[in-house]
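# Observations on the model geometry
Read off the chains here:
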Amino acid sequence: MLSYIAKRLLLMIPLVIGITLITFIVVHLAPGGPVEVETEMSMKASAQARENLKKLYGLDKPLHEQYFAWLKRLLTFDFGTSFVDGRPVSGKIAERIPVTLEINVLSLALIFALAVPIGVLAATRQYSLFDKLTTVFVFLGFSTPTFWLALLCMILFGVTLGILPISGIRSIDAAEMGSVERLFDHLKHLVLPVALSAFGGIAGLSRYSRSSMLEVIRQDYIRTARAKGLQESTVLTRHALRNALMPVVTILGLSVPGLIGGAVIFETIFAIPGMGQLFYASAMSRDYPTIMGILVIGAVLTLVGNLLADISYALVDPRIRVKGDT
Amino acid sequence: MITAGTLSGLAWKRFSRNRLAVFGLMTIALLALIALLAPVVSPSDPTAINVYKVLSPPSSTHLFGTDELGRDVLARMIWGSRISLKVGFVAVGIAISIGVLIGAAAGFYGGRVDSVLMRFVDVMLAFPTLFLILAVIAILEPSISTIMIIIGLTGWMNVARLVRAEFLTLKERDFIAAARAAGAADVRLIFRHILPNALAPVFVSATFGIAGAILTESGLSFLGLGVQPPDPSWGNILTAGKDNITVAWWLSVFPGIAILITVLSYNLVGEGLRDALDPRLWQDGKR
């Protein structure tokens, strides 16, 4: 198992290098490059000042040298300093990541907790009313612009009913609350963002676990299990579900980039101070060091998500593990 | 029972039996017609400001109400449908072209070409798409053409994987060996002999891709990063909806429904195409 993980980690190295390369290329596509942006803010920036800035960022060197210098600094988690407030980018990102991760992990848990039972129930009752309703829900889930749904939920729960907060992650008076009350207040703020960022995933994964389950149910070993007189519930949970879940875990891992990307939209709508909101603000102010830092971290988080999915896959499927060991 | 006929003929037969897919196709056709005839069917100028009718609710003169500048929402939605149509087709056109070229090269040549191209695909897939899109918009000016190009440039990876998979199996077939023996060059083999046989999953993926592109564009315009006011798009009407969330529900409801119906239609057609184009699903009679 350990050698399987080690092998997977080694395979990630070229991908991470590719991620840094693409990030670097995307940002250096900028006409005039980062310096133009910083100097165009102040009209008085002289040609001399520009040259100084270029030297400061090493922008007078050839592109490949710049890339390797940047890469070297990345190895020590030095993402440079923000153009906006001069603070280290790594610190800015570090204080934003926890909220984003919290929402994403809760969303993933919600997706898994709802989608798998829905998919399994729909599969075991194929063509039933529940199955048909699931299909309708799946199509609506795929087709609904979630930011619009967020807007409607804000109107309904926040404005009309007034039962859920619609912005931020805590109330203004949170500092004066007791710890239990404060936690409750925080969770209340997370209900809408988590539910909405999970929405699309629930639709997608329900459909996927339904078809995965349908496929497994038709296998010979399920017929064997039934033939030897096992109870239907045992056949479904012990024999079918375990096998049907394996590909589902992988798909759950693949939904990580969508969730992280979606953070831009949800954190902007719900005014949540996470990585997505920071990225939006950085893009708006063309804060290149922060943009590059978040691009790299966002992509690496995706790789980590995929790795975790693969590891859990290997944990439930001995075939993978053994093949990886040899 | 399967009767003799061309693949497209058989596929159409199956497709037309799928009521939901046909409904989707008709809706798409209707929307396209509205978009094309926008100057004729639009009740008024979508950019005409009327300070006396700011945020007036739906009425007989303004079926979907007016926005914060007194502009007719229905007119803005009709003109906005042009944007959705354009973004969907252009972005997917770009994505398909790149995906087919990369997937075909990887699948046909195999070996090192394949592993380099597929690692590139893996790297591109690791980026949250919205992050990449936002980074590029930060650098270039947000506009409808920027949006279309970026959505295309960040949406080709799945097509490349599909095409590669098709090429891997197709290139081993006898008719390719025959064509090669007859002296066909690589380019001819790829584009004349293999590609036409690999297109079915590409069409399906393209249909879903249009749905995705429309969703992405509306999201970006909603964030103020897509179509810029005063030009109307479904997404930027929703921005006005968010700004007036407590007073003007109609600004939030109608454009969202328009996006939902449009995207749903493309998804239904995509689903219908998938079933219709996959001969493996034909034996079981009905869906």
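See above for the structure.
What this report covers is the structure whose coordinates are included nearby. (Residues numbered from 1 in each chain as written. Chains lettered and ligands numbered in written order. Predicted model: local features only at pLDDT ≥ 70, side-chain atom pairs only at ≥ 80, totals over all residues. Heavy atoms only, no water.)

### Let's talk about helix H11 (residues 234-243) of chain B
A large share of H11(B) lies buried, amounting to 7 of its 10 residues. What H11(B) keeps buried is the set Trp234(B), Gly235(B), Asn236(B), Ile237(B), Leu238(B), Ala240(B) and Gly241(B). Where H11(B) is buried, its residues contact helix H7 (146-160) of chain A together with helix H4 (73-109), helix H10 (186-222) and helix H12 (249-277) of chain B. (Buried < 20%, exposed > 50% of the residue type's maximum accessible area, 1.4 Å probe, protein only. Helix = DSSP H or I, 4+ residues; strand = E, 2+ residues; numbered from the N terminus. Contact = heavy atoms within 4.5 Å.)

### Structural notes on the interface of chain A and chain B
Interfaces are often described in size by the accessible area the parts lose on coming together. Taken together, the contact pairs 47 residues of chain A with 42 residues of chain B. Summing both partners gives a buried area of about 3800 Å² for chain A against chain B, and 82% of it is carried by carbon and sulfur. Contact with chain B buries surface across chain A, with Phe139(A), Phe147(A) and Trp148(A) losing the most and accounting together for 16% of the total. Inspection of the region where chain A meets chain B yields 1 salt bridge. Taking the shortest distance from any N to any O, the salt bridge between Arg207(A) and Glu271(B) comes out at 2.3 Å. Where chain A meets chain B, there are 7 residue pairs in polar contact (both at pLDDT 80 or more). Elements with a contribution of two residues or more to the side of chain A that touches chain B: helix H1 (2-28), helix H6 (129-143), H7, helix H11 (256-269), helix H12 (275-284) and helix H13 (288-316) of chain A. In terms of residue class, the side of chain A that touches chain B is built from 36 nonpolar, 9 polar and 2 charged. (Buried area = accessible area lost by both parts, 1.4 Å probe. Salt bridge = Lys/Arg side-chain N within 4 Å of Asp/Glu carboxyl O. Polar contact = N/O pair within 3.5 Å; in protein donor to acceptor, adjacent residues only side chain to side chain. Nonpolar A, V, L, I, M, F, W, Y, C, P; charged D, E, K, R; others polar.)

### Description of helix H10 (residues 232-254) of chain A
Residues and elements named next belong to chain A. Its 23 residues give H10 an end-to-end C-alpha distance of 32 Å, which sits within 8% of 33 Å, the value for a rise of 1.5 Å per residue. Of all the bends in H10, the greatest measures close to 45° and is centred on Leu-241. By the burial criterion, the buried members of H10 are Val-235, Leu-236, Ala-240, Ala-244, Met-246, Val-248, Val-249, Leu-252 and Gly-253. Residues of H10 that are buried in the fold lie against helix H5 (89-124), helix H8 (179-217), helix H9 (220-227), H11 and H13. (Expected span 1.5 Å × (residues − 1). Bend = angle between axes of the 7 residues up to and from the residue.)

### What to know about a nonpolar patch on the surface
All names here are of chain B. A surface patch of nonpolar side chains, about 480 Å² in accessible area, is lined by Leu-33, Leu-36, Leu-37, Val-40 and Val-41. Secondary structure elements with two or more residues in the nonpolar patch: helix H2 (19-36) and helix H3 (38-41). As for its placement among the helices and strands, Leu-36 is situated in helix H2. Among the residues examined, Leu-36 registers a relative accessible area of 62% and is labelled exposed. (Patch = residues over 30% accessible without salt bridge, like charges linked within 9 Å, V, L, I, M, F, W, Y side chains within 5 Å. Areas by Shrake-Rupley, 256 points an atom, 1.4 Å probe, with all protein chains shown as cover.)

### Looking at the packing of H12(A) against helix H6 (residues 129-139) of chain B
Put simply, H12(A) and H6(B) touch, their axes get as near as 9 Å, and they point 20° apart. Classified by the angle their axes make, H12(A) and H6(B) are roughly parallel. Where H12(A) crosses over H6(B), the two elements pack in a sense that is left-handed. Contacts between H12(A) and H6(B) involve Met275(A), Phe279(A), Tyr280(A) and Ala283(A) on the former and, on the latter, Phe131(B), Leu134(B), Ala135(B) and Ala138(B). Broken down by class, the residue content of the contact of H12(A) with H6(B) amounts to 8 nonpolar, no polar and no charged. (Axes fitted to C-alpha atoms, helices over the stretch in contact; angles between N-to-C directions. Parallel < 35°, antiparallel > 145°, perpendicular 65-115°, else oblique. Left-handed = near helix turned anticlockwise from the far one by under 90°.)

### Observations concerning the nonpolar core
If you look at the biggest cluster of nonpolar residues, it comprises 139 residues, and the most contacted ones within it are Phe270(A), Phe279(A) and Phe167(B). Among the elements that line this core, the one with the most residues is H10(B), at 14 residues. The residues touching Phe279(A), leaving out its near neighbours within four places in the chain, are Val264(A), Ile291(A), Ile294(A), Leu295(A), Phe131(B), Leu134(B) and Ala135(B). (Core = buried A, V, L, I, M, F, W, Y, C linked by side-chain atoms within 4.5 Å.)

### Comments concerning the environment of Leu251(B)
All names here are of chain B. Tracing the chain through its elements places Leu-251 in helix H12. Distance from Leu-251 to Glu-68, taken between C-alpha atoms, is 9.2 Å for residues 183 residues apart in sequence. In this structure Leu-251 touches Leu-55, Thr-66, Asp-67, Val-73, Ile-237, Leu-238, Ala-240, Gly-241 and Asn-244, once residues within four positions along its chain are discounted.

### Structural notes on the pattern of salt bridges
Using the criterion set out here, one finds 14 salt bridges over all chains in the structure. Here Arg87(A) makes a salt bridge to Glu95(A), at a shortest N to O gap of 3.2 Å. In this structure Arg87(A) comes out as partly exposed when scored by relative accessible area, which is 34%. One salt bridge in this structure joins Asp122(B) and Arg161(B), with 2.9 Å as the shortest N-O distance. Taken as a pair, Asp122(B) in helix H5 (residues 111-126) and Arg161(B) in helix H8 (residues 157-170) lie far apart in primary sequence, 39 residues in all. A residue is classified by how much of its surface remains accessible, and Arg161(B), at 38% relative accessible area, is partly exposed. Among the charged side chains, a network of salt bridges with common partners joins Asp67(B), Glu68(B), Arg71(B) and Arg76(B).

### As for the packing of aromatic side chains
As enumerated under the stated definition, the model contains 14 aromatic pairs over all chains in all. Both rings, one in Phe24(A) and one in Trp70(A), keep their centres 5.9 Å apart while their planes meet at 40°; by these two values the pair is tilted. Residue Phe24(A) is found in helix H1, and its partner Trp70(A) is found in helix H4 (residues 63-75); the two are separated by 46 residues along the sequence. For Trp70(A), a relative accessible area of 6% gives the class buried. Seen in terms of ring centroids, Phe147(A) and Phe222(B) are 4.7 Å apart; in terms of plane orientation they differ by 25°. Their pairing is stacked. Placement of Phe147(A) in helix H7 and of Phe222(B) in helix H10 is noted, with the two residues assigned to different chains. Following the ring pairs from residue to residue traces out a cluster consisting of Phe24(A), Tyr67(A), Phe68(A) and Trp70(A). (Phe/Tyr/Trp six-rings, centres within 6.5 Å; stacked < 30°, edge-to-face > 60°.)

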